[in-house]
Every structure is written in C-alpha cells, then in structure tokens.
Amino acid sequence: MSLFQEVQAQRQTLRKDPAQVAGFNILTLLVGELETASKRDGSQITDEKVVSVAKKLIKSNEETLRLTSGAGATKLDAENVVLRTLLPQELSEDQLLKILVDAKPGNIGEAMKHLNGQFAGQFDKGLASRVAKQFLS
C-alpha cells in the first residue's frame, strides 16, 4: 500500500471520530495539495511527494505556532502530530556515515546526490552535509 493510500485510509478512519476533527482536516488538506500538484504537473503521487508536502505543512504550522497561542495552537499541534506519523524515521549520523562509507563518494556533491537519490526525505540535509564533510576530509 502506498503512503498516499495510507493517508486516504487514515483520513476515513478519523472522519468517523468527532474528537479527531483536526487530524481529518489536515489530511483532507494534504490530499487536496497532493491531487492539485499531481494534476498541475501530470505526475504520479509518490511516497516522496507525500512526505515532502507533509513536511511543508508541518513547517507552515510551526511558523504559525510561533505567532499563535490558545486554541489555535492546540489545533496546529494536533495537526502536526497526525502529519508526523506519515514521515519516515530520519537516518542517524551513524547510519549516514555507514551509507557514505559503502558508497565511497569522491566529493560532497556526489555524497549528497547519492543520499538524495537513495534516501530522499529520510535525512536531515544539514546533518548529512556535516557527516559528508567529515567523511571526505
């Protein structure tokens, strides 16, 4: 089952629970964003695209949270909890180093290209860059 199918199934489950309105609403927004992007560029909705849009929504909520308090903040926190369940666990520093040791890149560009090609959305780019620089020095 694709991540998009999981989102749709989770959305239907949350729809039946009145206490989960925030989760249902954010997944509805996520589905809409994904379908609109897919129609716009004619591409398929991939797991990578789901993760990318979910991260974008989380970032937007976090930026709003810095300016908001009260009930609005509670709603945004609830939305982020639901969205984070869709994200893969990020690779640790040790895991990134092992991947780079196995790949044997010649420079940072090759290292990042390999990581993005094989593990897109599964690592923090700043951490990966630091690990690559240490590995290559």
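Cut-offs and rules
- Residues numbered from 1 in each chain as written.
- Predicted model: local features only at pLDDT ≥ 70, side-chain atom pairs only at ≥ 80, totals over all residues.
- Heavy atoms only, no water.
- Helix = DSSP H or I, 4+ residues; strand = E, 2+ residues; numbered from the N terminus.
- Buried < 20%, exposed > 50% of the residue type's maximum accessible area, 1.4 Å probe, protein only.
- Areas by Shrake-Rupley, 256 points an atom, 1.4 Å probe, with all protein chains shown as cover.
- Lys, Arg positive; Asp, Glu negative; His and termini not counted.
- Charge placed at Lys NZ, Arg CZ, Asp CG, Glu CD.
- Salt bridge = Lys/Arg side-chain N within 4 Å of Asp/Glu carboxyl O.
- Axes fitted to C-alpha atoms, helices over the stretch in contact; angles between N-to-C directions.
- Parallel < 35°, antiparallel > 145°, perpendicular 65-115°, else oblique.
- Contact = heavy atoms within 4.5 Å.
- Nonpolar A, V, L, I, M, F, W, Y, C, P; charged D, E, K, R; others polar.
- Core = buried A, V, L, I, M, F, W, Y, C linked by side-chain atoms within 4.5 Å.
- pLDDT = per-residue confidence, 0-100.
- Left-handed = near helix turned anticlockwise from the far one by under 90°.
- Expected span 1.5 Å × (residues − 1).
- Polar contact = N/O pair within 3.5 Å; in protein donor to acceptor, adjacent residues only side chain to side chain.

1. Observations concerning the overall build of the protein
Here's step 1: A count of helical and extended segments in the protein gives 7 helices and 0 strands.
Here's step 2: Each of the 137 residues in the protein was classed as buried or not, and the buried ones make up 31%.
Here's step 3: Carbon together with sulfur atoms contributes 51% to the accessible area of the protein, which is approximately 8600 Å² in total.
Here's step 4: Of the charged side chains in the protein, 18 are positive and 17 negative, and the gap between their average positions amounts to 4 Å.

2. Notes on the pattern of salt bridges
Side-chain pairs of opposite charge can arise where the charged atoms are in close proximity.
Here's step 1: If you walk through the whole model with that rule in mind, you get 5 salt bridges.
Here's step 2: In this structure, the salt-bridge partner of K49 is D41, at a minimum N-O distance of 3.7 Å.
Here's step 3: Residue classification places K49 among the buried residues on the basis of a relative accessible area of 19%.

3. With respect to unusual backbone geometry
Here's step 1: The phi dihedral of K104 falls on the positive side, at around 50°, and the residue is not glycine.
Here's step 2: Tracing the backbone through its elements, the reader meets K104 in the loop between α5 (93-103) and α6 (108-119).
Here's step 3: K104 sits in the exposed class, given a relative accessible area of 64%.

4. Some words on the packing of helix α1 (residues 3-15) against helix α3 (residues 47-65)
Here's step 1: Put simply, α1 and α3 touch, their axes get as near as 8 Å, and they point 55° apart. With respect to α3, the element α1 is oriented oblique. For the pair α1 and α3, contact is made by L3, F4 and V7 and by D47, V50 and V51, respectively.
Here's step 2: Of the residues contributing to the contact of α1 with α3, the split by class is 5 nonpolar, no polar and 1 charged.

5. Examining the environment of E33
Here's step 1: Along the polypeptide, E33 turns up in helix α2 (residues 21-41).
Here's step 2: Ignoring any residue separated from it by four or fewer positions in sequence, one finds E33 in contact with V53 and K56.

6. Details of the nonpolar core
Here's step 1: In terms of nonpolar packing, the biggest core is built from 19 residues, with V7, L27, L30, V50, L83 and L86 touching the most fellow members.
Here's step 2: Those elements that provide at least two residues to this core are α1, α2, α3 and α4 (71-84).

7. Concerning the confidence of the model for the protein
Here's step 1: For the protein, per-residue confidence averages 92 on the pLDDT scale, and residues scoring 70 or more make up 99% of the total.
Here's step 2: Confidence, read as mean pLDDT per element, is least for α4 in the protein (89) and greatest for α2 (96).

8. With respect to the packing of α5 against α6
Here's step 1: Where α5 meets α6, the axes come as close as 11 Å, and the angle between the chain directions of the two elements is 110°. Taken together, the axis directions place α5 and α6 in an arrangement best described as roughly perpendicular. Here α5 runs over α6; the crossing is right-handed. Residues L96, I99, L100 and A103 of α5 touch α6, and the partners they reach there are A111, H114, L115 and F119.
Here's step 2: Considered class by class, the residues forming the contact of α5 with α6 number 7 nonpolar, 1 polar and no charged.

9. Side note on helix α7 (residues 125-136)
Here's step 1: The terminal C-alpha atoms of α7 lie 16 Å apart, and with 12 residues this matches the ideal 16 Å at 1.5 Å per residue to within 8%.
Here's step 2: Listing the buried residues of α7 in full gives L127, A128, S129, V131 and A132.
Here's step 3: Next to the buried residues of α7 lie α5 and α6.
Here's step 4: For α7, the N-terminal cap is D124; the gap from its side-chain oxygen to the backbone nitrogen of G126 is 3.1 Å.

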